[in-house]
Amino acid sequence: MLYTSTRDKSIRVSAAQAIAQGISEEGGLFVPVELPKFSLDKISSMVSMSYIDRAKTVLREFLTDFNDDELNYCVEGAYAASKFSSPEIAPTVNISGNKNVLELWHGPTCAFKDMALQLLPYLMTVSAKKTADGKTIVILVATSGDTGKAALEGFKDVDHTKILVFYPVDGVSPMQKLQMTTQEGGNVAVCAINGNFDDAQSAVKSIFTNNEIKEELEKKNMMFSSANSINWGRLVPQIVYYFSAYCDMVDSGRISLGDEINVVVPTGNFGNILAGYYAKQMGLPVKTLVCASNSNNVLTDFLNTGTYDKNREFYTTSSPSMDILISSNLERLLYHMSGDDDKLICDLMNKLSADGKYTVSSDVMEKIQQMFDAGYTAEDKVDETIKYQFDNYGYLCDTHTAVAVRVYDEYVKNTGDDIPTVIDSTASPYKFSASVLNAIADEELDGLDEFDMVKELNRITGVEVPAPIASLKDKKVRFTDVCDREDMSNMVFKLLDL
């Protein structure tokens, strides 16, 4: 299995090199030259497997330069029972009828990013030994909330790595902020920026391709890599849980082997739903991938019109992990859908950088719309959806999952397509306790701090508080730095003591 770049298809690198490097030299994203194919017989063989064995079965096809011992070390270390609160790792829960929720938040930071970011440090360590000549890898992360904490936790005290996380100062929930600023570990650092996630992400990308900065790192035997989903090592583990959810549905009798399902994904950066696309292309019987956005509905507009335009009002919402106007992973989809046209991708990304928008051809859009549908949930409908799901089905969901549930209900109403469906649930409701509590409480609750809200939410619903959330209460804040976007390069030097 070899990988190429979305902006230069002449490139050929191994999985280890793609993972260690993170992003291609010219700024493109690594993608497989070709995808493996899974027959129904192969999928059938996975039904009786544990999550760990399903992960090995999928990842073995993509990490062909990892031997069995290396693959076992990575997967078994990442998904050890001690790290996840559910024995199934990512259970699929039936809510009602054909509506099923894939709970991706049972890991150590209570968000779906754990599914990939518990594995990535292992992949990175093995990849670095193969390709990086003993360099210290500096993981540089921009986060809209969940990636930051999950990456910090995953890379904490991993040998020959350092991790720097930047987050928008007013763009994460209080619980997300507390998770990051109290992070333990001798190789970690966290800084807020004055701006939004897109500001942080754009600055991180420019730092990655800044030759002067790279030269300074080289002098210290360091190199940059990424833990965002621009890194293939972050994206490939997410393919696994779509196969796992399908196998769980077969195993429970909710579908028969070969039956099609729909998949609904709340997404801002397009990585989570892109993993579903890869699963479908590999042979998983997925009919439609439904992209769910919040009020920052740039993806919905693109998937419905073919024009991507980030020149719009930015909203700070109760689902902050989706408060994104530049969806990096869409570049990968456009590369595939355009017939691997790297020159087109360069042109589109240059237009996005210069003008903030681009339009794709009708041929490309026709291919995309054969596989994808899209909708968005306005902010004033999120609370209503959380309360309805809890009152009617006894299921408590967070704000991001509520966005997806609402979009799914609208999709069924508009299309009549109510085949068995998997809806990604991307975070524990306790990560957004203020929003969830306000949605379901029958009275106004003023004067409560974050942990009072957690306690009250538990009292009202009886839903267990995850241990990683409960343990935050007495942790000391370690990181208080704030900088402007323009000063992020200097902050990198400061945090690395360069």
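Below you will find a few notes about this structure. Once a new chain begins, its residue numbering starts again from 1 and follows that chain's sequence as written. For a predicted model such as this one, the threshold for reporting local features is a pLDDT of at least 70, and the threshold for listing and counting side-chain atom pairs is 80 or more; totals across whole chains, interfaces and linings nevertheless cover every residue. As a rule here, side-chain values cover all heavy atoms of the structure and leave hydrogens and water aside.

## Regarding the packing of helix H7 (residues 146-155) against helix H8 (residues 174-181)
At step 1: Where H7 contacts H8, the two axes come as close as 9 Å, and the packing angle between them is 25 degrees. When the axes of H7 and H8 are compared, the pair comes out roughly parallel. H8 is crossed by H7, and the crossing has left-handed handedness. Contact with H7, carried on its side by Asp146, Gly148, Lys149 and Leu152, involves Gln176, Gln179 and Met180 of H8 and no other residues of that element.
At step 2: In the scheme used here, Gly and all other residues not listed as nonpolar or charged are polar, with Ala, Val, Leu, Ile, Met, Phe, Trp, Tyr, Cys and Pro taken as nonpolar and Asp, Glu, Lys and Arg as charged. Residues of the contact of H7 with H8, tallied by class, amount to two nonpolar, three polar and two charged. Note on geometry: axes are C-alpha line fits, over the in-contact stretch for helices, and angles between N-to-C directions span 0 to 180 degrees. Every helix listed is a DSSP run of H or I at least four residues long, and every strand listed is a run of E at least two residues long, numbered separately from the N terminus. When an angle is under 35 degrees it counts as roughly parallel; over 145 it counts as roughly antiparallel; between 65 and 115 it counts as roughly perpendicular; any other value is oblique. Definitions for this section: a left-handed crossing has its near helix turned counterclockwise from the far helix by less than a right angle. A right-handed crossing has that turn clockwise. The criterion used for residue contact is that any of the two residues' heavy atoms lie within 4.5 Å.

## Let's talk about the packing of aromatic side chains
The geometry of two aromatic rings is summed up by the distance between their centres and the angle between their planes.
At step 1: By convention, a stacked pair of Phe, Tyr or Trp rings (six-membered ring in the case of Trp) has centres within 6.5 Å and planes under 30 degrees apart, an edge-to-face pair has planes over 60 apart, and any other such pair is tilted. Under the criterion given, the structure shown has 16 aromatic pairs.
At step 2: For the ring pair Trp232 and Tyr278, a centre distance of 5.4 Å and an interplane angle of 80 degrees mean the geometry is edge-to-face. In this pair, Trp232 is assigned in helix H11 (residues 232-251) and Tyr278 in helix H12 (residues 271-282), connecting sequence segments 46 residues apart. There is no split in this pair, since Trp232 and Tyr278 are both buried.
At step 3: With a centroid separation of 5.6 Å and 55 degrees between ring planes, the pair formed by Tyr277 and Tyr278 is classed as tilted. Whether a residue is buried, partly exposed or exposed follows from its accessible area with a 1.4 Å probe, protein chains only, as a fraction of its type maximum: under 20%, in between, or over 50%, in that order.

## Re the sheet that holds strand E10 (residues 261-266)
At step 1: Pairing in this open sheet of six strands is mixed, and the strands run E4-E5-E15-E10-E11-E14 from one edge to the other. Of all strands in the sheet, those with a lone pairing partner are strand E4 (92-96) and strand E14 (372-376), marking the two edges. Pairs of neighbouring strands in the sheet enclose a mean axial angle of 25 degrees, with direction left out of account.
At step 2: When DSSP finds two or more bridges between a pair of strands, those strands are recorded as paired. Of the strand pairs in this sheet, E10 and strand E15 (residues 421-425) are connected by three bridges, and their pairing is parallel. When the bridges of E15 are listed, Asn262 appears paired with Thr421.
At step 3: Packed onto the sheet, helix H13 (residues 298-305) meets strand E11 (286-293) and E14 and runs at close to 140 degrees relative to E14.
At step 4: Its contacts with the sheet put helix H16 (residues 362-371) on E11 and E14, and the angle it makes with E14 is roughly 80 degrees.

## Details of the nonpolar core
At step 1: Counting 141 residues, the largest nonpolar core has Ile239, Leu334 and Phe372 as the members making the most contacts within it.
At step 2: No other element matches the 13 residues that H11 contributes to this core.
At step 3: Ile95, Ala404, Met453 and Leu457 belong to the second-largest nonpolar core, a separate cluster that totals 37 residues. The definition of a nonpolar core used throughout is a set of buried Ala, Val, Leu, Ile, Met, Phe, Trp, Tyr and Cys residues joined through side-chain atoms within 4.5 Å.

## Topic: unusual backbone geometry
Glycine aside, the phi torsion of most residues is negative, and most peptide linkages are trans.
At step 1: A positive phi angle, close to 60 degrees, is found at Asn221, a residue other than glycine.
At step 2: On the secondary structure map, Asn221 appears in the loop between helix H10 (211-219) and strand E9 (222-226).
At step 3: The backbone of Asp340 sits at a positive phi, close to 60 degrees, despite the residue not being glycine.
At step 4: Position of Asp340 relative to the elements: it lies in the loop between helix H14 (330-337) and helix H15 (342-355).

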